[in-house]
Amino acid sequence: MPDIPDLETAREVLAAQPFSALLGARLTAFGDGAATLELDVRDELRQQYGVLHGGVLGYAADNALTFAAGSVAGAGLITAGFTIDYLRPADGAVLRAHATVVRAGRTRVACRCDLSTVDSNGVETLCAVAQGTIARLS
């Protein structure tokens, strides 16, 4: 049985990622086959049309997928691949990526992720969906 980290340990892992620190990402939920990653939407993360850059959504999906996998498979994981479908422009106060494990196998963990923006009134709007496969390194 793998050593499954708790929320606080998972937050320490996230904090050790320089790019995640640059974006101001935070892990708000972790455990039981799921993880939620959030970051504040700010002007530096927008593209020329004023909405959140798709690369930021891709980052959030990638990390949320991997943390969800880690909640059942432990450490020593890396993204093997993922796809993302952008459903609508992402604009709001917060980007929320919520990922869940679909199936945890011996060498791979399949996960899916919903990416939503949350406005200043707390209204959540789905803007992208992703699915990915996370590989165990050992």
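If you're wondering where the values come from, they're calculated on a predicted model, not measured in any experiment. (Residues numbered from 1 in each chain as written. Predicted model: local features only at pLDDT ≥ 70, side-chain atom pairs only at ≥ 80, totals over all residues. Heavy atoms only, no water.)

K.L.:
Kindly report on the pattern of salt bridges, identifying the contributing residues and their values.
P.N.:
It is possible for side chains bearing opposite charge to pair when their charged atoms get close. Tallied over the entire structure, the rule returns 7 salt bridges. Across the salt bridge formed by R96 and E38, the nearest N and O atoms sit 2.6 Å from each other. A residue pair is termed long-range when its members are at least 10 positions apart, and R96 in strand β4 (residues 94-104) and E38 in strand β2 (residues 34-40) qualify at 58 residues. Its relative accessible area of 23% is what places R96 among the partly exposed residues. Residue class for E38 comes out buried when judged on its relative accessible area of 11%. Between R46 and D91 there is a salt bridge, and its shortest N-O distance comes to 2.7 Å. (Salt bridge = Lys/Arg side-chain N within 4 Å of Asp/Glu carboxyl O. Helix = DSSP H or I, 4+ residues; strand = E, 2+ residues; numbered from the N terminus. Buried < 20%, exposed > 50% of the residue type's maximum accessible area, 1.4 Å probe, protein only.)

K.L.:
Residues and numbers for the packing of aromatic side chains, please.
P.N.:
Applying the stated criterion across every chain yields a total of 2 aromatic pairs. Between F19 and Y59, the aromatic rings sit 5.5 Å apart at their centres with planes inclined by 80°, giving edge-to-face as the arrangement. With F19 in helix α2 (residues 18-23) and Y59 in helix α3 (residues 54-73), the pair connects residues that are 40 residues apart, well separated along the chain. On the numbers, 6.4 Å between centres and 85° between planes, the contact of F30 with F67 is edge-to-face. Taken together, the residues F30 in strand β1 (residues 26-31) and F67 in helix α3 connect sequence positions 37 residues apart. Classification of F30 as buried rests on a relative accessible area of 15%. Using a relative accessible area of 8% as the deciding quantity, one classes F67 as buried. (Phe/Tyr/Trp six-rings, centres within 6.5 Å; stacked < 30°, edge-to-face > 60°.)

K.L.:
Provide a residue-level description of the state of the cysteines, including the pertinent values.
P.N.:
Tallying each qualifying case throughout the model produces 0 disulfides. For the unlinked cysteine C111, the closest cysteine sulfur is that of C113, found at 9.2 Å. With no disulfide of its own, C127 lies 9.7 Å from the sulfur of C113, the closest cysteine sulfur. (Disulfide = S-S within 2.5 Å.)

K.L.:
With reference to specific residues and values, describe the pairing of strand β6 (residues 124-136).
P.N.:
Across 9 bridges, the pairing between strand β3 (residues 77-86) and β6 is antiparallel. Bridging from a neighbouring strand, I84 pairs with A130 of β6. Two elements, strand β5 (residues 108-118) and β6, share 11 bridges in a ladder whose sense is antiparallel. Across the sheet, V109 pairs through a bridge with I134, a residue of β6. Between the end of β5 and the start of β6, which pair antiparallel, lie 5 residues, with G122 showing a positive phi angle near 85°. (Pairing = 2+ DSSP bridges.)

K.L.:
Account for the sheet that holds β5, naming residues and giving values.
P.N.:
Picture the strands of a sheet paired through backbone hydrogen bonds; they go either parallel or antiparallel. Taken together, 6 strands build an open sheet; the order of strands is β1-β2-β4-β5-β6-β3 and the sheet is antiparallel. Taken across any chain shown, the strands that pair with only one partner, and hence form the sheet edges, are β1 and β3. On average, each strand axis in the sheet is inclined to that of its neighbour by 20°, with strand direction left out of account. On the sheet, helix α1 (residues 7-15) packs against β1 and β2 and is oriented at approximately 140° with respect to β1. Contacts between α3 and the sheet are confined to β1, β2, β3, β4, β5 and β6, with β3 contributing the most and set at about 135° to the helix. (Axes fitted to C-alpha atoms, helices over the stretch in contact; angles between N-to-C directions. Contact = heavy atoms within 4.5 Å.)

K.L.:
Could you give me a rundown of the environment of L27, with the residues and numbers involved?
P.N.:
Assignment of secondary structure puts L27 in strand β1. With relative accessibility at 3%, the residue L27 sits in the buried group. When the C-alpha atoms of L27 and L7 are compared, they prove to be 8.0 Å apart, with 20 residues separating the residues in sequence. Apart from residues lying up to four places away in sequence, L27 is in contact with L7, A10, R11, L14, A35, T36, L37 and F67.

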